Amino acid sequence: MMDLQAILEKIFLYHQGDSWIFTRFSFWVFFALVLTGYSFVYKNKNRSMRAGYLFVVSLFFYYKTSEHFFYILLLSTLTDYYIGKWVYASKKLLSKRLLITASLLINLGLLVYFKYAYFFVLSVNDMFGTNFEVVNYMAVYVNEYMNTHFTVDKILLPVGISFYTFQTISYSIDVYRGEVKPVKNLIDFGFYVSFFPQLVAGPIVRAAQFIPQMYQDYKLTREQFGLAIFWIMKGLVKKIFIGDYIAVNFVDRVFDAPLHFTGVENLLALFGYSLQVYVDFSGYTDIAIGVALLLGFTLPRNFNSPYKAQNVGDFWKRWHISLSTWLKDYLYIPMGGNRGGSVFSYIMLTIILLFITLLVGYWWIFPAMVSVGFILWFFSWKFPAFKKQVNTNINLMLTMLLGGLWHGASWQFIIWGGLNGLGLVVYKFWRKISPWEKSNHRLAIVWKIAITFTFITFTRVFFRSESMEVVNGMLHQIFSTTELSLIPQILISYKWPFLVMLTGFVFHWLPYATKDHYRGWFIRQHFIAQAAIFATVVFLVYQSMSSEMQAFIYFQF
């Protein structure tokens, strides 16, 4: 038997490979203990006591997920808490702008350092023949002042940094815009930033949505309890039964070696990945919403049946809604939206050109692309009609390209973002002449959904592939070696993954009324019946596991 010290170390110290993700038993033990402690504080009239309790357990959760990276979370929290207070108290516009600039530089600086340090160093070395090495200065600092022994020659990406960084940035900007008032104290703000259900993979929660809930009485009706349990159960089914199963048994095998599979298998794997990435990410969100609801907090909806979208614009209103709206409100509109270009647009364009230059590896690419940009500006200046067409679409393309770079610095993400931006621009022109745009005929709707889903799926080959070699291999197989006569044999060989894929798509495309009906039916059941259904479903879901639990896809961003 393990001695007491070993047991305590296992519980309270970080152990690599034992992250507390929603699909692990250890998380649910943690959550049960959190609920037990919460039962003593949730009714307390001192709202900061409730916030303080959840702040502490959230920091512990993040420590068990990311070890020493919780220092970065604390730094981001402290930075934007005080900047928010100073912005609100400042009477001078210049002071407010300088403070917001400081928030952006600190937060985006941390994000760039952890996400793109290797990219910049390797690109500069390749371009100029230098021998710079990556040094983890954060680890150097912590080792020196806290007597730790973290590795200094490797930079690991803190889990969830992209999500909580965007969350703190939006808070500071909203205070600057006068849309929210600063939180009352540091504990409350720390709780808002670190709330563990949505900390590591979203949804990105706006201050205006969440902070007012912190000062309300705890409330959990019978209907809300049933809904929370339903969301958790639904998320586990999506992630484990559908997403992990088709990934392990089919999708990952094809993407790992596309040239070893036929064109039909590559094509089916691509559509399978579209389903996998949806059920994986939306499954996490479903569980997060359910867990938060049990604690008395409502998180925003992050997905709205995205594969029911009838055009690319509609898709991006349904997919990763918290990020899409964040990019619209804090990037697209400040650049000028559909009104025209701005100085901010040119700054963003310069950043994208810099990334492309580093990816290509030749310094002269940058001035060459700047020259092309100057030519476009000249034509825009001379021909107003041309200017209108350029300015109304450039911000859209820039937003999608930057959204691609948010996922990572590689050609695959740039192409993925660019294709989606191009899809949005093309649709803006197509909808003016499309004979089906305003048609509500079932065949027209099915046709529009099929075209949109196929286009989105095609772009995913760049999103999923680890290199352009994988992209080229998969596209080569699809367009050059597809033999329709092999379809029956392939369907039989992978009958169980394909059956699970079919089940996932069928449930996704069910009418909203049908989904509301079976969700409402579950909510109306007696508590004992709900518990029995939940236990049965969870047992069957975990029986479907065929390997070690898979991490959520968006943990890597």
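To keep things clear, this report deals only with the structure shown in the data block. Everything quoted here is computed from the prediction, not taken from an experiment.

**Some remarks on unusual backbone geometry**
Of note in this structure, Ser305 is not a glycine but carries a positive phi near 40°. Note on placement: Ser305 falls in the loop between helix H11 (263-294) and helix H12 (312-318). The exposure class of Ser305 is buried, given its relative accessible area of 6%. In the Ramachandran plot, His320 falls in the positive-phi region, its phi being about 45° despite a non-glycine side chain. Position of His320 relative to the elements: it lies in the loop between H12 and helix H13 (321-332). His320 gets classed as buried once you look at its relative accessible area, which sits at 1%.

**A few points about the pattern of salt bridges**
Applying the stated criterion across every chain, the model contains seven salt bridges. Between Lys239 and Asp244 there is a salt bridge, and its shortest N-O distance comes to 3.0 Å. On the basis of relative accessibility, which here comes to 1%, the residue Lys239 falls in the buried class. We classify Asp244 as buried; its relative accessible area is 10%. Its salt-bridge partner being Lys239, residue Asp280 comes within 2.6 Å of it at the nearest N-O pair. Of the two residues, Asp280 sits in helix H11 while Lys239 sits in helix H10 (residues 222-256), which places them 41 residues apart along the sequence. One exposure class covers both Asp280 and Lys239, and it is buried. Within this structure, Lys239, Asp244 and Asp280 form a network of salt bridges that share partners.

**What about H13?**
By the criterion of burial, H13 is predominantly enclosed, with nine of the 12 residues buried. All buried positions along H13 are accounted for by Ile321, Ser322, Leu323, Ser324, Trp326, Leu327, Tyr330, Leu331 and Tyr332.

**Some thoughts on a nonpolar patch on the surface**
A contiguous nonpolar patch, built from Leu422, Val426, Trp430, Ile433, Trp436, Trp447 and Ile451 and spanning about 720 Å² of accessible area, is present on the exposed surface. Mapped onto the nonpolar patch, the elements with two or more residues apiece are helix H17 (411-433) and helix H18 (442-464). In terms of residue count, the dominant contributor to the nonpolar patch is H17 (four residues). Of note, Leu422 is situated in helix H17. We classify Leu422 as partly exposed; its relative accessible area is 45%.

**Quick look at the nonpolar core**
Membership of the largest hydrophobic core comes to 150 residues, with the highest contact counts inside it found for Tyr192 and Phe196. Ignoring anything within four residues of it in the chain, the contact list for Phe196 reads Phe27, Phe30, Phe31, Val34, Val57, Ser58, Phe61, Tyr284, Val291 and Leu295.

**Some details on the packing of helix H7 (residues 161-177) against helix H8 (residues 186-194)**
To characterise two packed helices, one gives the angle between the axes of the helices and the distance between these axes. Put simply, H7 and H8 touch, their axes get as near as 9 Å, and they point 135° apart. On the basis of their axis angle, the class for H7 and H8 is oblique. Here H7 contributes Tyr164, Gln167, Thr168, Ser170 and Tyr171 to the contact with H8, which in turn contributes Phe189, Tyr192 and Val193. Looking at side-chain class alone, the contact of H7 with H8 contains five nonpolar, three polar and no charged residues.

Rules of the game
What you see as residue numbers is a count from 1 along each chain, following the sequence as written. Reporting in this predicted model follows two pLDDT cut-offs: at least 70 for local features of residues, and 80 or more for side-chain atom pairs to be given and counted; totals over whole chains, interfaces and linings ignore these cut-offs and use all residues. The basis for every side-chain value is the complete set of heavy atoms in the structure, and neither hydrogens nor water enter the calculation. Helix numbering and strand numbering both begin at the N terminus, where a helix is a DSSP run of H or I of at least 4 residues and a strand a DSSP run of E of at least 2. Note on exposure labels: buried denotes an accessible area under 20% of the residue type's maximum, exposed denotes more than 50%, and partly exposed covers the range between, all computed with a 1.4 Å probe on protein chains only. Each salt bridge in this description consists of a side-chain nitrogen of Lys or Arg and a carboxyl oxygen of Asp or Glu lying within 4 Å of one another. Patches in this entry comprise residues that are over 30% relatively accessible and not in a salt bridge; like charges within 9 Å are linked, as are nonpolar side chains (Val, Leu, Ile, Met, Phe, Trp, Tyr) within 5 Å. Per-residue and other accessible areas follow the Shrake-Rupley method at a 1.4 Å probe size, with only the shown protein chains counted as cover for residues. In these notes, a set of buried Ala, Val, Leu, Ile, Met, Phe, Trp, Tyr and Cys residues joined through side-chain atoms within 4.5 Å is what counts as a nonpolar core. Whether two residues are in contact is decided by their heavy atoms: any pair within 4.5 Å suffices. Simply put, an axis is a line fit to the C-alpha atoms, just over the touching stretch for a helix, and the angle between two N-to-C directions goes from 0 to 180 degrees. By the definition adopted for this analysis, an angle is roughly parallel if under 35 degrees, roughly antiparallel if over 145, roughly perpendicular if from 65 to 115, and oblique otherwise. Lys, Arg, Asp and Glu make up the charged group, whereas Ala, Val, Leu, Ile, Met, Phe, Trp, Tyr, Cys and Pro make up the nonpolar group; the residues left over, Gly among them, are polar.

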